[in-house]
Amino acid sequence: MVAPSKPVTSKPDEVKPEMGRTVRFTIHRCDGPGKAARWESFDVPIEPGSNIISVLQYIAAHPVTIEGKRTTPVVWDSGCLEEVCGACTMVINGRVRQSCSCLIDHIAPRNGDEVTLEPMSKFPVVRDLWVDRERLFYNLRRVKAWVPIDGTYDLGAGPTENPDKQETRYKLSTCMSCGCCLEACPQFNLEEDPEHWDSAFIGAHAISQARLFNEHETGKQLKRDRLDELMGPGGVSDCGNAQNCVKVCPKEIPLTESIGAMGRAVTIHSLARFFAGKK
Amino acid sequence: MVANRERRVIVVGGGLAGLAAAVRVAESGIPVDLFSMVPVKRSHSVCAQGGINACNEVARQQGYSEYQHFDETIYGGDYLADQGPVLEMANWAPKVIDLLDRMGVPFNRTSEGMRDLRLFGGSLFKRTHFAGATTGQQLLYALDEQTRRYTSEGKINKYEFWEFLWPVTTGEGEDKRCVGIVAQDMRTMQIRAFRGDAVVMATGGNGLIFGKSTNSVICTGGAAARCYQAGAWYGNPEMIQVHPTAIPGADKCRLMSESARGEGGRVWVPRKKGDTRRGQDIPEGERWYFLEEKYPKYGNLVPRDIASREIFDVCVNQGMGVFGENQVYLDLTHKDPEYLTRKLGGIMEIYEKFAGEDPRYAPMRIFPAVHYTMGGLWTQFTPGTYDPSEPWGDHKPGMEAPTDAKPGRGMRIGAMNNAMTNIPGLYAFGEVNFAYHGATRLGANALLSCIFDGLFCGLGVANFVNEGPAAEAPAELVEQKVYDAAVESEQAKVRKLVDSAAGVGEQSDDVNPYMIGRELGIEMTAASTVVKTGERLQRCLAKLRELGERYSRVKLSDGAGWTNQSLSYTRAIGDMIVLAQAIAKGGLLREESRGSHYRLDFPERDDTRFLKTSVAVYDPSDADRCRIDWRDIDTRLVKPRARTYGKTESSPDAKTPTEKPAEAAAS
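In this text the structure is predicted, and so the values were computed from the model without any measurement.

With that out of the way, let us pick up the domain arrangement of chain A. Residue and element names in this part refer to chain A. The domains assigned to chain A are domain 1 (22–131) and domain 2 (134–148 + 161–275). Taking the mean C-alpha position of each, domain 1 and domain 2 sit 30 Å from one another. Each partner contributes residues to the interface: domain 1 has 15 residues there, and domain 2 has 16 residues. With both sides pooled, the region where domain 1 packs onto domain 2 buries about 1300 Å², and carbon together with sulfur makes up 58% of that total. When the area that domain 1 buries against domain 2 is broken down by residue, the three leading residues are Val96, Lys122 and Phe123, summing to 47%.

In structure tokens, the structure reads:
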């Protein structure tokens, strides 16, 4: 049986990438906390299929700037290179995204094109493009982002779930803690002192995870704790509704929908507390 | 037994196996120190796409059983695995799924709200549970969440961005025991020792040895190689799985999940050599569905080693690859695009993102890539209660299984030596454990083996600490000088490397660590993957000796005392060369073909000589720094039979396209 022909929807290339071209990469570098930052540029020959990772790998093997000065390999964080681990997030030409899925053919198709690489600005720099995102994970603890199971012994299956709800939860659960939503958020700011993490804005990712676990039959046992946290300082009311988060999320997670849902849940929760005589 | 002592367990690696172990041990009341080179949520387990196998109620009513799952795994692994542990794993699989379900993993659901199932390679039954096309990610997140819970309760202490450097041991021979580790903070570069009553290595595979693989950048095999150099045996090093369907890339090869075949994906090339038309423009009759023709029973769902070899043969030997290059089509365009989005959304996205074409409308172009390490640290086990008078033969669906699936049939529950290396107190869980997959791994069994190790063998670790040798002689009573000496030894290695960076001017490729790493990958991929020969492996070993010699003169390109990634990478390259020598030597000495190990000069399986585990023992006095011993395999449960998957003959000229997949697609 011959399958009916279908339209090809692959995007027409706006600019056909030039073969054998060289692209200039200008990288924001810093040797460590408290050290002066500097810019260094590298000219890199581009192979078909090159991405930011293969460019940084090339520079590691040939750490020589455009001035001919020998330097050290650039330090950056990476993992799966398939855009599922979230590690290699950085700011590329002013936009936060994963560097593995950033194809050079798309961002620099012509010979002599320039690309700038910077570390995310909302987290302390460890070295060069590598930042410390511990606060992002800490905020998942604030909202108790887990299902409180009765241990790992065999106690039978979990609750059944209708497919619509599974699809909603699955989407929320693809959040890879990359930090794009936080980098783009005007309300989420660099906070190096962990003492202040409990009162600073918690971020779209954590609000969305609170929703994920409140939606689960067993996870909702901690619903009140989560809403208490989101009601407090740095909670959901600190969201300024800029909606940048949802635009930069690489997994297209409906973050603003989550923030809206949690905002409503917090309102109901606070009214319930008020009428129950609690503050 | 020492009273009121402080007990601690060290877990190295924060993927599925490490997290499952940490959670299980912490739950038993023993504090856990968990080490990982990355925040555990970013571990390589996230890359697993397809699913996790387990017998389930629907399959059971169609004649499937835990025993059938066990039999498929043994047959799939070409009888190279000890059988007891595999039986136990298959028997526990449904419980593992239930637990993950309770943890909140968003498994795909049927209209009635039950867990949905899909078909996967190596089985004729739907027995694979899945969460979209990112099952590994979802499973890892569930365990990451439980770990976060225990961390906030103070039961697990995470050391993220810490690199394992060496196991600390005391005593010699019979008395040798692992009592901790040396690790380095990858940011501050501080090196320190940690005491542990037991150490669980859960450090995954070694794909980076092959350069571009489907693995994450952290999968160097460095940690396993360090244990190996410290005296741990390494089992079946030559057993490396090449995944048939990966998207070739400049930095790595990205996996295209087996679920693409499970959901009806068809593998083909144009019948006309070098056909210049786009895949979607080539009519049905001019397509050669070589897997469906050669393997009418399993079709596109033959196991990975067979699929890889057939694709390799079609491209490399017959020159029939798409556009004359090393690539074939993996075609899903006959399926409903909305169905594909729902069932395979994640991997459809990956292809579109990295290859720039929409696989719903244009067939994907793929080629095999190194994917999984079946070999690993050699481990022991205590047999369970199932002890047949003679091995069971071919197990057919619907047959009554010769044993039930009660816990403890294959491996004794709580035995302290389950998944323990030859060094007491040093365990290996997950991919770094050689135990379960034999000569090749079935799709969707990896996630299972990781979690099973953590949950099941984690009990043995707790017992080792509470009642075993660690209770008699706890790590906290070991003299401090043992740890100081281990730290000093690692600091000396680091000093040598950092000093080499001084005065780096023009760095020649000869001693450039990145160039040595690149050459290592190219050599190992060429000599030791899909098709091997004795002659080629001899040359490979010579090349590895050359690389080892150059490595001894390596020059670091960064001498920084803060967050020095070059140091970490360069150190790993040295360890990777050592492990590569074991991989190549094991491959050379195994003069037969079995599972993923295919020797062109010895194309048949040879049970008389090689129904044995190859055990690599580190030996610095040998030219290849490696000795291979052969150990018998536990084959008391199942009798080895030929592993053919019902193969028949096929060629590009035979114009007999099969109708079967089209029927399957319509149903």
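Here we take up the pattern of salt bridges. Side chains that carry opposite charge are capable of pairing whenever their charged atoms lie near each other. Applying the stated criterion across every chain yields a total of 89 salt bridges over all chains. Between Lys220 of chain A and Glu217 of chain A there is a salt bridge, with its nearest N and O atoms 3.4 Å apart. The class for Lys220 of chain A is partly exposed, based on a relative accessible area of 34%. When the shortest N-O distance is used, the salt bridge between Asp144 of chain B and Arg148 of chain B registers 3.0 Å. Here Arg148 of chain B and Asp144 of chain B lie together in helix H5 (residues 135–152), a separation of four residues that amounts to about one turn. Each member of the pair, Asp144 of chain B together with Arg148 of chain B, is buried. A cluster of three or more residues bridged by salt bridges with shared partners is formed by Asp78, Glu238, Arg590, Glu592, Arg594, Arg605 and Asp607 of chain B.

Residue and element names in this part refer to chain B. Using the criterion set out here, one finds 27 aromatic pairs over all chains in the structure. Relative to Tyr645, the ring of Tyr298 lies with its centre 4.8 Å away and its plane at 85 degrees, an arrangement referred to as edge-to-face. With Tyr298 in the loop between helix H8 (290–294) and helix H9 (304–317) and Tyr645 in the loop between strand E21 (626–632) and helix H18 (660–666), the pair connects residues that are 347 residues apart, well separated along the chain. Assessed through its relative accessible area of 14%, Tyr298 is described here as buried. Relative to Phe456, the ring of Phe452 lies with its centre 5.0 Å away and its plane at 15 degrees, an arrangement referred to as stacked. Pair noted here: Phe452 and Phe456 are both in helix H11 (residues 446–466), with a separation of four residues, about one helical turn. Here Phe452 matches Phe456 in class, with each residue buried. In textbook terms, an aromatic cluster arises when at least three aromatic residues are bridged by ring pairs, as seen for Phe35, Tyr159, Trp162 and Phe194.

Residues and elements named next belong to chain B. For H5, with 18 residues, the first-to-last C-alpha span of 26 Å sits near the 26 Å given by 1.5 Å per residue. Judged by how many residues are buried, H5 sits mostly within the fold: 17 of 18 residues are covered. One or two positions beyond H5, positive phi appears at Gly154, with a value near 80 degrees.

The next point concerns the packing of helix H13 (residues 480–501) of chain B against helix H16 (residues 565–589) of chain B. Residues and elements named next belong to chain B. Packing of H13 against H16 leaves a shortest axis separation of 11 Å and a crossing angle of 115 degrees. Taken as axis vectors, H13 and H16 run roughly perpendicular relative to one another. When you trace H13 past H16, the crossing you get is right-handed. On H16, the residues that touch Val494, Leu497 and Val498 of H13 are Leu567, Thr570 and Arg571. Class assignment of the residues belonging to the contact of H13 with H16 gives a composition of four nonpolar, one polar and one charged.

If you trace the backbone, Arg118 of chain B turns up in strand E4 (residues 117–118). Discounting residues that sit within four places of it in the chain, Arg118 of chain B has contacts with Gly50, Lys126, Arg127, Thr128, Phe130, Gly132, Ser259, Glu263, Lys343 and Leu344 of chain B.

Moving on to the sheet that holds strand E6 (residues 156–160) of chain B. All names here are of chain B. With parallel pairing, five strands are arranged side by side in an open sheet as E6-E2-E1-E10-E19. Either end of the sheet is taken by a strand with one partner, and the two such strands are E6 and strand E19 (426–428). Shown here is a sheet whose adjacent strand axes are inclined to one another by a mean of 20 degrees, direction ignored. As paired strands, strand E2 (residues 32–36) and E6 are joined by five bridges and run parallel to one another. Within E6, the position partnered with Asp33 by the bridge is Asn157. With respect to the sheet, helix H1 (residues 16–27) is in contact with strand E1 (9–12), E2, E6 and strand E10 (198–201), its orientation differing from that of E2 by roughly 170 degrees.

Residue and element names in this part refer to chain B. Where strand E7 (residues 162–170) meets strand E8 (residues 177–185), eight bridges bridge the pair, whose relative direction is antiparallel. Residue pairing in the sheet places Glu163 in a bridge with Gln184 of E8. Adjacent in sequence and paired antiparallel, E7 and E8 are bridged by six residues, among which Gly171 carries a positive phi angle near 70 degrees.

With that settled, consider the nonpolar core. By size, the foremost hydrophobic cluster in this structure holds 194 residues, and its most contacted members are Ile52 of chain A together with Ile52, Phe429 and Ile451 of chain B. Broken down by element, this core gets its largest block of residues, 13 residues, from H11 of chain B. Other than its neighbours up to four places away in sequence, Ile52 of chain A contacts Phe25, Met90, Ile92, Ser99, Cys102, Ile104, Ile107, Val115 and Leu117 of chain A. Counting 72 residues, the second-largest nonpolar core is a separate cluster that includes Ala183, Val432, Tyr483 and Leu520 of chain B.

Now for the domain arrangement of chain B. Residues and elements named next belong to chain B. Looking at the assigned domains, one finds that chain B contains domain 1 (9–242 + 373–474), domain 2 (243–368 + 646–666) and domain 3 (481–607). Here the C-alpha centroids of domain 2 and domain 3 sit 34 Å apart. Counting residues at the interface gives four residues for domain 2, matched by five residues for domain 3. Here domain 2 and domain 3 share an interface that buries about 410 Å² over both sides, 78% of which is from carbon and sulfur atoms. Among the residues domain 2 hides against domain 3, the three largest losses belong to Asp305, Arg309 and Phe312. Together they make up 88% of the total. Inspection of the region where domain 2 meets domain 3 yields zero salt bridges. The tally of links between domain 2 and domain 3 comes to one residue pair in polar contact (both at pLDDT 80 or more). Residues belonging to the side of domain 2 that touches domain 3 are distributed by class as follows: one nonpolar, one polar and two charged.

The rules behind the values
Residues numbered from 1 in each chain as written. Chains lettered and ligands numbered in written order. Predicted model: local features only at pLDDT ≥ 70, side-chain atom pairs only at ≥ 80, totals over all residues. Heavy atoms only, no water. Domains from an automatic or database assignment. Contact = heavy atoms within 4.5 Å. Buried area = accessible area lost by both parts, 1.4 Å probe. Salt bridge = Lys/Arg side-chain N within 4 Å of Asp/Glu carboxyl O. Buried < 20%, exposed > 50% of the residue type's maximum accessible area, 1.4 Å probe, protein only. Helix = DSSP H or I, 4+ residues; strand = E, 2+ residues; numbered from the N terminus. Phe/Tyr/Trp six-rings, centres within 6.5 Å; stacked < 30°, edge-to-face > 60°. Expected span 1.5 Å × (residues − 1). Axes fitted to C-alpha atoms, helices over the stretch in contact; angles between N-to-C directions. Parallel < 35°, antiparallel > 145°, perpendicular 65-115°, else oblique. Left-handed = near helix turned anticlockwise from the far one by under 90°. Nonpolar A, V, L, I, M, F, W, Y, C, P; charged D, E, K, R; others polar. Pairing = 2+ DSSP bridges. Core = buried A, V, L, I, M, F, W, Y, C linked by side-chain atoms within 4.5 Å. Polar contact = N/O pair within 3.5 Å; in protein donor to acceptor, adjacent residues only side chain to side chain.

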